Structure formats: C-alpha cells, structure tokens
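For reference, the chains in residue letters:
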Amino acid sequence: MYTELFDRISFSEAKERVLSKSKLDIESALHTSQSGKVLNFEEYLSLLHPSADSYLEEMAELSINWTKKRFGNTISLYMPMYLSNECRSSCVYCGFSFENKIPRKTLNESEIRAESEVLYSKGIRHLLILTGEDYSITNLEYLRSAVRILKSYFDSISIEIYPMDQEKYEVLIGEGVEGLVVYQETYDPEVYSKYHLRGMKKNMRYRLDAPDRGGLAGFRRIGVGALLGLSDPYGEMFRLAEHAYYLSKKYWRTTIQISLPRMRPAEGEFDKTIFVSDREYVRFLFALRLFLPDSGLVQSTRESIRIRNHLAGMPITHMSVESRTDPGGYSGGEELKQFEIEDTRKIEEFTEMLRKKGLDPVFKDFDRAFLQVPDRMN
C-alpha cells in the first residue's frame, strides 16, 4: 500500500527535498526532457523549485510537445453530477461540511433521470458522479441504483465519493463504474488532522490507501489530486507525484489521472488558504507533464477562463465544462453548491475556444469504442 512509501519521509523533509535543488539541477532536468527522455523523480523535483520560474517558457514548450506526443490534439470533456450534498464529515474548508447550516438534498431516481436528460442533451457521454460523506443515505445500494440509471445515458461513469473497501468498489465496477477519483486534499498529516474534525474522512491513512483498494478492485482509471492552498505546496507536489508514480507502476493496467484544484470560496468561515500564484500553479503542471507524460492532467471549472484557455492542450488533457456543484443543479435545483465556480461558460462557447486553438473536444471515452453501450431509450 502507498502508506508504506508515505511513511519513509516526513512532509517537511519532502518540502526540503524540493527546496534543496539548484539552478544546475533545473538545467539538467530540462536537458533530459529536451533530449526526448522522461524525467526521473529528482529531476521532477528540480522543476518545482522557485528558481525554475525563470525557465517557464522552456517548460511550456516541452510540455506542449509531450502532451501532443501522448494525447494528440484532443481534450476530453466531462461534467460532474452531484447526487447528494449530505455529509457526516467536518472538513472546515468545504461548503458541504457537517457544521454548515445549508439545505441538504439527495437526488431520487426521477431527479437523477432529469439531470441525466439535461447532460445527455448537451452531448456529454463521460460523467463523474459525486456525493458528500453520509454513508447511511448514499450507501452502496443507493449508488448501485443510481449507476443502473446512469448507464443508459452515459458511456463512461466515474465516482468521486467517500472511500470504500475493495469489495464495495468491486460491486460498483460490476455495475459499470470505470473510474475512481480520490483527492487526498492534503498530504500533510498535521494539517490534515487540523482541518478534518469528524467523520470517516478524519481517517487519513484509510483515505491514502483508497486508490490502492481501487487498483486492486480493477478500476480502469484512478484519479488523485491535492487541494492546493491547505498546506505547503512544495510538500504537496512531492507527495502527489510520488503517489501517482507509485500507482502507475503498481497498477500498470490502470490509467492514472492527476488534478491540481486550488482553493475556492465556499460556505463557512475558512480563511487559512495558502496562496498559490498562477505562475507557480502553471509551473507545477508543466513539471507533472514532463515527469508523468502518460497521465491525464485534469482541470475543473474552479480555474479562471484565462488560465483554462491558456493551459488547454499544453499540459491539460481533461476538462470539466458548464459544471454545477449542487444536487439537481442542471435541471433547475436550489443553490446548494459545494464551492464557487469560476468558469461559467456554456459548452458551445467552450468548445468553440478549443477549436480555435486547434484542439479537438471529445465527449466520449473512445477506449470503450468496441464495447456495447446500452441504448438510453430501452
């Protein structure tokens, strides 16, 4: 399990490993990438160093080359569907946190169908479903029922829910779920304990090993990520890349995807965000692309229009579009959102931008091209 690797060095030591790199290390890493080779882990750490900011143009060019080599000009589009905002965990930075006095809602079968009809009409075939962490309400049977409905609309379904045991993941795979997303939020144990006060999410090690359980269960895709802004970004980027690389080697039949969400305003009074500038954020993404060229880099509508336009097709290969973070939001539900959306463009406007950049928006998971997908009308 990843926790065995995680225990070898502390979060502060991980941070210091990044900050110990020199200008010579940075230039050596860039030379490796320019020669057509994939970076090793130490070279990746060099490009995280603040001094690598002076080489951002070189990193951008290399990132574009590696992205085109591995992914062509395609941008895979998906939309999230929140099935529930009911939560028994207390995460002080999250709008769904148990203490927040917001209206709570879990979609019933007819509401799931109504949301599905809207997304299907927009051309979406790749869906990410999300819930809060109320295991009694959005339990395994509820999720199985939801997936059975969703399968008749969507070619590919991924889940971003509370961590489960391997056996329950296997049940959901049997129902047709292909992807698992588990963001660690922060890899800093001290900060994790400080910001997760109750509920199953308080168990950091159980969450750390959730992608392993997903790999053993047999998911086709596993997504990991760190929520930048909770703890030191250099320690987070060390751990995140270490985790993704470990998963890619151990579960080599599974595609690993990586996301770098930054903190956004949400319900509650959390104001302890550590600022991560646009240049840092972009540098981190470029470094990930040069270290893990086969991994999809995912970007949500949390980010600004300017940043999303700029990064599409450079390191970013998967993007959400026209997102709502509230249960029932697509079909006219209440404002029960988890966090504030920054890029509110409609699909038509967003895809037009991509095409003007010479990119091909893809709504379907072509890995399933030879698999039979149920007709939604049956």
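Residues numbered from 1 in each chain as written. Predicted model: local features only at pLDDT ≥ 70, side-chain atom pairs only at ≥ 80, totals over all residues. Heavy atoms only, no water.

Looking at an unreviewed UniProt entry, one finds the protein chain named 2-iminoacetate synthase ThiH and attributed to Leptospira selangorensis. The UniProt entry for the protein chain carries the following text under Cofactor (unreviewed entry): "[4Fe-4S] cluster". (UniProt positions renumbered as here; feature names shortened; annotations may be inferred.)

Trainee: Would you take a moment to explain the overall build of the protein chain for this structure?
Mentor: If you tally the helices and strands in the protein chain, you get 15 helices and 11 strands. Taken over the C-alpha trace, the protein chain has a radius of gyration of 20 Å; the compact-globule value for 378 residues is 21 Å, and the two agree within 12%. Across its three principal directions, the C-alpha atoms of the protein chain cover 60 × 45 × 35 Å. The buried share of the protein chain, reckoned over its 378 residues, is 58%. Relative to all contacts within the protein chain whose residues are 6 or more apart in sequence, the contacts with residues 24 or more apart total 75%. (Helix = DSSP H or I, 4+ residues; strand = E, 2+ residues; numbered from the N terminus. Rg over C-alpha atoms; globule rule 2.2 N^0.38 Å. Buried < 20%, exposed > 50% of the residue type's maximum accessible area, 1.4 Å probe, protein only. Contact = heavy atoms within 4.5 Å.)

Trainee: Is there a simple way to explain the pattern of salt bridges in this structure?
Mentor: The tally for this structure, following the rule as stated, stands at 26 salt bridges. Notably, a salt bridge pairs Arg221 with Glu178, separated by 3.7 Å at the nearest N-O pair. Within this pair, whereas Arg221 is found in strand β7 (residues 221-226), its partner Glu178 is found in the loop between α8 (166-175) and β5 (179-185), the two being separated by 43 residues in sequence. With a shortest N-O distance of 2.4 Å, Asp278 and Arg306 are connected by a salt bridge. With Asp278 in helix α13 (residues 278-291) and Arg306 in helix α14 (residues 305-311), this pair connects stretches of sequence that are 28 residues apart. A relative accessible area of 28% means that Asp278 is categorised as partly exposed. Arg306 sits in the exposed class, given a relative accessible area of 55%. Linked by salt bridges that have partners in common, Glu133, Glu185, Lys201 and Arg207 make up one network. (Salt bridge = Lys/Arg side-chain N within 4 Å of Asp/Glu carboxyl O.)

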